[in-house]
Amino acid sequence: MRYICMAIEKRAHIVEYLRRHIPGLEVMWDRSGNAGAAWVSVMRSLGMDAGVVVEDDIVIAKGFCSKIETAVNVRPGDLIQFHSRTKEDLITGSRYRAGASFYNNQTIYFPAGMVS
């Protein structure tokens, strides 16, 4: 599984933390200050591959990669958002929800062929 991080220099310390916990993490540095262009670069890099895109301001759960890969193995053809934001997330835990509840781009799995 490919893991790609969109990052800016001022969060390099978080990127180092992520590299310690995500083997093979690819980092795409946004040196232009244009988040939209950075996002397009990440999508081009992912191409036809399946992969997880993470942003440079996340704190990950213990066993992050194994949890991601377990969820992906259950639904390998689905776009999956791995971000908790609501009180219900703490009470109910991980679950499959409708796409209308999609919050942001902190951690997202893209199935093979979805990006290109």
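My aim in this report is to walk through the structure given alongside it, one point at a time. As the structure is a prediction and not an experimental result, all values here were calculated from the model.

Right, let's get into the packing of aromatic side chains. In the structure shown here, the tally under the stated rule is 2 aromatic pairs. Relative to Phe64, the ring of Tyr3 has its centre 6.4 Å away and its plane inclined at 50°; by these criteria the two rings are tilted. In this pair, Tyr3 sits in strand S1 (residues 2–7) while Phe64 sits in helix H3 (residues 64–74), placing the two residues 61 residues apart along the sequence. In terms of burial, Tyr3 and Phe64 fall into one category: buried.

Okay, the pattern of salt bridges next. Counted according to the given criterion, the structure contains 6 salt bridges. Its salt-bridge partner being Glu9, residue Arg31 comes within 2.9 Å of it at the nearest N-O pair. Within this pair, whereas Arg31 is found in the loop between strand S2 (26–29) and helix H2 (35–46), its partner Glu9 is found in the loop between S1 and helix H1 (12–21), the two being separated by 22 residues in sequence. The class of Arg31 is exposed, set by a relative accessible area of 62%.

The next thing to look at is the pairing of S2. In the sheet, S1 pairs with S2 via 4 bridges, with the strands oriented parallel. When the sheet's bridge partners are listed, Ala7 is paired in S2 with Trp29. Crossover handedness for the path S1 to H1 to S2: right-handed.

One open sheet holds the 5 strands; their spatial order is S2-S1-S3-S5-S4, and the pairing between them is mixed. For this open sheet the edge positions go to S2 and strand S4 (80–81), each flanked by a neighbour on one side alone. Sheet topology places S4 next to strand S5 (residues 107–110); 2 bridges connect them, and they run antiparallel. The residue of S5 that forms the bridge with Gln81 is Ile108.

About the thresholds
- Residues numbered from 1 in each chain as written.
- Predicted model: local features only at pLDDT ≥ 70, side-chain atom pairs only at ≥ 80, totals over all residues.
- Heavy atoms only, no water.
- Phe/Tyr/Trp six-rings, centres within 6.5 Å; stacked < 30°, edge-to-face > 60°.
- Helix = DSSP H or I, 4+ residues; strand = E, 2+ residues; numbered from the N terminus.
- Buried < 20%, exposed > 50% of the residue type's maximum accessible area, 1.4 Å probe, protein only.
- Salt bridge = Lys/Arg side-chain N within 4 Å of Asp/Glu carboxyl O.
- Pairing = 2+ DSSP bridges.
- Right-handed = clockwise from strand over helix to strand, strands pointing away.

These values are about where atoms sit, not about what they do.
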